[in-house]
Amino acid sequence: MFSGQDLRCVRGGRVVFEALSFTLVPGAALLLTGPNGSGKSSLLRLMAGLARPDHGAIAWDGAPIRDDPEAHATRLSYVGHLDAVKPSLTVRENLAQWGGTAVDAAIERFGLSAALPARLLSAGQKRRCALARLIARPAALWLLDEPTVSLDRDSVANLMTVIAHHRAEGGMCAVSTNVELVLPGAETLDIPRFAPA
Amino acid sequence: MTDFRRILSRELKLAFRERAESLLVVLFFVLGAVLFPFGVGPEPNMLARIAAGIVWVMALFAAMLSLDRMFQSDFEDGSLELLALSPLPLAAVAGAKALAHWLTTALPLIVAAPIIAVMLRLPTDGLATLMLAMLLGTPAISLVGAVGAALTLGARRGGVLLSLLILPLMVPVLILGAAAVDAALSGLAARPHLMILAALSMAAAVLCPYAAAAALRQALE
């Protein structure tokens, strides 16, 4: 179980959100909504352990993630709004650099061509290459920051299938979004509700 | 250890794909040194006297050129976040980066150093000592440079700031590196200088990865 209690996030001296709590059980999904700048990405970065909450604690099965950030890192996959795709490497090399075991399956699942140099990829293909990391290195917790940006309709549907499959196998995911996503049974966390009064 | 090797081989592969950058650094090193005879005159004794110093100063400048790229592109394209989320501690990532920088920048400079040394009429007795001194001293440049590169991450004109931060710290390496060659040329033992150089590099290897990791974490917050 992955949970956060009474979280407060401060960016540049300004409180973005406070008193925010969430719980994710295996198979669950969390949909983070809110306008630009409301703190969706900040919350995902807190969940990943890339930033620390100003107040409150995030725990995995009751153990605070800050006690063992390396262990937390191995059980999560984070796809931020930057694709982290190296133009001088091929698609396969891009995925293999993160030590995945299922690189070929990931390439196939997201309809990419392995030998293509990544500098030739379009924005949507780069996004798919970034998302393919989810499959290439299996992890229990997926943290996706607006994953559908620049994806075409088929790719969005494909991503939803991949997420559904992940959840059916007991995985968890937290997804921030500005568009309508079909995630059955997902809990919605509207971040602006936690903005300071 | 496998994770460390994976990050290191990733860095080497990326450097190999963008090998023009390493080549430019070596060319800058050679070209900069070539300018000195025009400035101070072609008198062989004079050149031989300052050859070791020129090689060291140019190696430092050339390293500065490449250091600011150490984390910058990973920071800009989001790879740094993924590196921070790899199972490897961030200090080990920084260590792998510094090692890769040494292999792709310092090592080519060491290979190119004899060309400059011969051109500047450095007596051959000093050549072996110069290369040995560089071999022992340049790891400190890559390691301390990694701290500087991490600290200046995200800053505008980071490269200039990096040089201002790092060059003063490199004075001991410069003094000892040049002094080792001087000692060898005047028939004294170069060994003490070389041992202190090695000690500097070893101390840097222990401390710098942690300092760089702390700075990287700051940049990622």
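Scroll up a little and you will see the structure.
What this report covers is the structure whose coordinates are included nearby. Each residue is numbered by its place in its chain's sequence as written, counting from 1. Key to labels: chains lettered from A, ligands numbered from 1, both in the order written. Local features in a predicted model are, by the rule used here, given only for residues with pLDDT of at least 70; side-chain atom pairs are given and counted only at 80 or more, and totals for whole chains, interfaces and linings are based on all residues.

### A closer look at the overall build of chain B
Right, so step 1: Numbering of helices and strands runs from the N terminus; a helix is a DSSP stretch of H or I covering at least four residues, while a strand is a stretch of E covering at least two. When you go through chain B residue by residue, the secondary structure sums to 10 helices and 0 strands.
Right, so step 2: Ordered by position in the sequence, the α and β elements of chain B form the string α-α-α-α-α-α-α-α-α-α.
Right, so step 3: Each principal axis of the C-alpha atoms in chain B carries an extent, and together these give about 55 × 35 × 30 Å.
Right, so step 4: For chain B, the residues scored as buried account for 48% of the 221 residues in total. As a rule, residues whose C-beta atom has 12 or fewer other C-beta atoms within 10 Å are exposed, those with 20 or more are buried, and those in between are partly exposed; C-beta atoms are placed from the backbone.

### Topic: the packing of helix H6 (residues 90–119) of chain B against helix H10 (residues 191–220) of chain B
To characterise two packed helices, one gives the angle between the axes of the helices and the distance between these axes.
Residues and elements named next belong to chain B.
Right, so step 1: H10 packs onto H6 with a crossing angle of 110 degrees between their chain directions and a minimal axis gap of 8 Å. Regarding the angle of H6 to H10, the classification is roughly perpendicular. Like other packed secondary-structure pairs, H6 and H10 cross with a definite hand, here right-handed. For the pair formed by H6 and H10, the contact residues are Leu90, Ala91, Ala92, Ala94, Gly95 and Ala98 on the first element and Cys208, Pro209, Tyr210, Ala212, Ala213, Leu216 and Arg217 on the second.
Right, so step 2: As a working rule, the residues Ala, Val, Leu, Ile, Met, Phe, Trp, Tyr, Cys and Pro are called nonpolar, Asp, Glu, Lys and Arg charged, and the rest polar, with Gly in that last group. In terms of residue class, the contact of H6 with H10 is made up of 11 nonpolar, 1 polar and 1 charged. Here an axis means a line fitted to C-alpha atoms, over the contact stretch when the element is a helix, while the angle between two N-to-C directions is reported on a 0 to 180 degree scale. An angle counts as roughly parallel when it lies under 35 degrees, as roughly antiparallel when it exceeds 145, as roughly perpendicular when it falls between 65 and 115, and as oblique in every other case. Crossing chirality is assigned from the near helix's rotation relative to the far helix, an anticlockwise turn below a right angle marking it left-handed and a clockwise turn marking it right-handed. Remark: residues whose backbone-derived C-beta atoms lie within 7 Å of one another are considered to be in contact.

### Let's talk about the environment of Ala113 of chain B
All names here are of chain B.
Right, so step 1: By secondary structure assignment, the location of Ala113 is in helix H6.
Right, so step 2: A tally of 26 C-beta atoms within 10 Å means that Ala113 is categorised as buried.
Right, so step 3: Separated by 80 residues in the primary sequence, Ala113 and Ala33 have C-alpha atoms spaced 9.8 Å apart.
Right, so step 4: Discounting chain neighbours no more than four positions away, the residues touching Ala113 are Val55, Leu130, Met131 and Met134.

### A word on the sheet that holds strand S4 (residues 55–60) of chain A
In sheet architecture, strand pairing relies on hydrogen bonds along the backbone and comes in two forms, parallel and antiparallel.
Residues and elements named next belong to chain A.
Right, so step 1: Should DSSP find at least two bridges between two strands, the strands are taken to pair. Taken together, 4 strands build an open sheet; the order of strands is S2-S1-S4-S5 and the sheet is antiparallel. Two strands lie at the open edges of the sheet, namely strand S2 (14–24) and strand S5 (63–64), each paired on one side alone.
Right, so step 2: Examined bridge by bridge, S4 and S5 share 2 bridges and lie antiparallel to one another. Paired with Trp60 across the strands is Ala63, a residue of S5.

### Considerations on the interface of chain B and chain A
Right, so step 1: At the interface, 18 residues of chain B touch 18 residues of chain A.
Right, so step 2: At the level of elements, helix H1 (2–17) and helix H5 (79–84) of chain B are the ones that each hand at least two residues to the side of chain B that touches chain A.
Right, so step 3: The leading source of residues in the side of chain B that touches chain A is H1 of chain B, at 5 residues.
Right, so step 4: Its residues assigned to classes, the side of chain B that touches chain A shows 7 nonpolar, 3 polar and 8 charged.

### Notes on unusual backbone geometry
All names here are of chain A.
Right, so step 1: One non-glycine residue, Ala19, lies in positive phi territory at about 55 degrees.
Right, so step 2: Inspection of the secondary structure assignment puts Ala19 in strand S2.
Right, so step 3: According to the C-beta neighbour criterion, Ala19 is partly exposed, with 13 such atoms within 10 Å.
Right, so step 4: In this model, Glu146 sits at a positive phi of 45 degrees, which is unusual for a non-glycine residue.
Right, so step 5: With respect to the helices, strands and loops of the structure, Glu146 is situated in the loop between strand S7 (141–145) and helix H7 (153–168).
Right, so step 6: Overall, the presence of 20 C-beta atoms within 10 Å leaves Glu146 in the buried class.

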